[in-house]
Amino acid sequence: PGLEQYIAAFKKWYGLLRLMDQGSSAQDYGLMLDSELLPFNEKDCGPDSGWHKLLARLQAAEASKEWTAARVSTDATYKVSDTLTWSG
């Protein structure tokens, strides 16, 4: 990876660690996203939208102890490179 990728990764992790260092006033959650990702649907951003329900969805997932890795399909195939493919 280029220097820019290392700097971007450092900034993301530093930001989350800074939040964690706030002690009892720390936020419960932090998002680490790439700048080109839109974490919400611009056409669905009202008070009843998925974006506004994000915290409740995170809390429900945490309470259920069900993580995305537990829901990975057994027939999913990922092309890592021209010569390497992973499947479940």
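**Section: the overall build of the protein chain**
- Within the protein chain, the secondary structure is distributed over two helices and two strands.
- When the helices and strands of the protein chain are placed in sequence order, the string is α-α-β-β.
- Here the protein chain holds 88 residues, and the buried ones make up 5% of them.
- Contacts in the protein chain between residues far apart in sequence, at least 24 positions, make up 10% of those at least 6 positions apart.
- When the accessible surface of the protein chain is totalled, it reaches about 8,000 Å², and 57% of it is carbon and sulfur.

**Here we look at the environment of Gly 50**
- Note on placement: Gly 50 falls in the loop between α1 (3-20) and α2 (54-64).
- For Gly 50, the contacting residues outside a window of four places in its chain are Asp 44 and Arg 57.

**Remarks on the pattern of salt bridges**
- Taken as a whole and judged by the stated rule, the model has one salt bridge.
- Salt-bridge contacts for Lys 53 lead to Asp 48; the nearest nitrogen and oxygen are separated by 3.3 Å.
- According to the relative accessible area criterion, Asp 48 is exposed, its value standing at 63%.

**Focus on a nonpolar patch on the surface**
- On the surface, a nonpolar cluster with roughly 440 Å² of combined accessible area is contributed by Trp 13, Leu 17, Met 20 and Met 32.
- One can find Met 20 in helix α1.
- Overall, Met 20 belongs to the exposed group, its relative accessible area being 60%.

Conventions adopted
- Residues numbered from 1 in each chain as written.
- Predicted model: local features only at pLDDT ≥ 70, side-chain atom pairs only at ≥ 80, totals over all residues.
- Heavy atoms only, no water.
- Helix = DSSP H or I, 4+ residues; strand = E, 2+ residues; numbered from the N terminus.
- Buried < 20%, exposed > 50% of the residue type's maximum accessible area, 1.4 Å probe, protein only.
- Contact = heavy atoms within 4.5 Å.
- Areas by Shrake-Rupley, 256 points an atom, 1.4 Å probe, with all protein chains shown as cover.
- Salt bridge = Lys/Arg side-chain N within 4 Å of Asp/Glu carboxyl O.
- Patch = residues over 30% accessible without salt bridge, like charges linked within 9 Å, V, L, I, M, F, W, Y side chains within 5 Å.

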